[in-house]
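# Examining the three-dimensional arrangement
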Amino acid sequence: MDVKYINPFINAAQTVFKTMLSLDAKMGKPTLKSEKATSGDISGIMGLAGDRKGTVCISFNNKGALFVFKTLVGEEHDSIDPEVIDSIGELTNIISGQARKEFEQTGLNLKAAMPMVVVGKNVEVNFITKIPIISLPFYFSVNNGTQEVMYLDFSFEE
């Protein structure tokens, strides 16, 4: 896949983490996935259409999702509940919006569907397009300095 499809997602994730969460999201090594399954415990999924069609999926482990919720909202929750689920959907929407803004600057216009959030490991996702799926891991520090990861998985038609 062309790097012009990857960079807007990298920039969007890092910008949103910095501005909204005051966190540095360090990108790990991108990988190609052949399985159409979520990468974490809770995932925001959004379809994209327009000049290209595709899907973006943002996944967290439970601990990372709870930390992101606490950082965004200022409330601590012990488990994944409807408020935490809503926050992951909103974060998916914000990151997607930032990426779409960057795509527009290159002449690629995309519209987004409403995000859907699923809870569970290895939930199968219809990525609309053929595999491979690009998986971008972003590492961030929580509480006592332990590392958590957000996976940004996406696929676009060529």
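Since the model is a prediction, treat every value here as computed from it, not as a measurement.

The next subject is the pairing of strand β7 (residues 133-142). Across the 10 residues that make up β7, a large majority, 8, are buried. Bridge analysis of strand β1 (residues 26-27) against β7 gives 2 bridges, and the strand direction is antiparallel. Looking at the pairing, Met27 lines up with Phe138 of β7. Bridge count for strand β2 (residues 31-33) against β7 is 3 bridges, and the pairing is antiparallel. Along β7, the bridge assignment pairs Lys33 with Ile133. The pairing of β7 with strand β8 (residues 146-156) spans 9 bridges and is antiparallel. Directly across from Leu136, in β8, lies its bridge partner Leu152. Two successive antiparallel strands, β7 and β8, enclose a turn made up of 3 residues, where Asn143 displays a positive phi of approximately 30°.

Below, the discussion takes up the packing of aromatic side chains. Per the stated rule, a full pass over the model turns up 8 aromatic pairs. Pairing Phe67 with Phe140 gives two aromatic rings, centres 6.4 Å apart and planes at 25°, and the pair type is stacked. Of this pair, Phe67 sits in helix α2 (residues 62-73) while Phe140 sits in strand β7, and the two are 73 residues apart along the sequence. The exposure classification of Phe67 matches that of Phe140, with both residues buried. Relative to Phe156, the ring of Phe103 lies with its centre 5.5 Å away and its plane at 80°, an arrangement referred to as edge-to-face. In this pair, Phe103 is assigned in helix α3 (residues 82-105) and Phe156 in strand β8, connecting sequence segments 53 residues apart. Take Phe103: its relative accessible area is 1%, and that puts it in the buried class. Here Phe156 falls in the buried class, since its relative accessible area comes to 4%. Grouped by ring-pair contacts, the aromatic residues Phe9, Phe103, Phe154 and Phe156 constitute a single cluster.

Scoring rules and cut-offs
- Residues numbered from 1 in each chain as written.
- Predicted model: local features only at pLDDT ≥ 70, side-chain atom pairs only at ≥ 80, totals over all residues.
- Heavy atoms only, no water.
- Buried < 20%, exposed > 50% of the residue type's maximum accessible area, 1.4 Å probe, protein only.
- Helix = DSSP H or I, 4+ residues; strand = E, 2+ residues; numbered from the N terminus.
- Pairing = 2+ DSSP bridges.
- Phe/Tyr/Trp six-rings, centres within 6.5 Å; stacked < 30°, edge-to-face > 60°.

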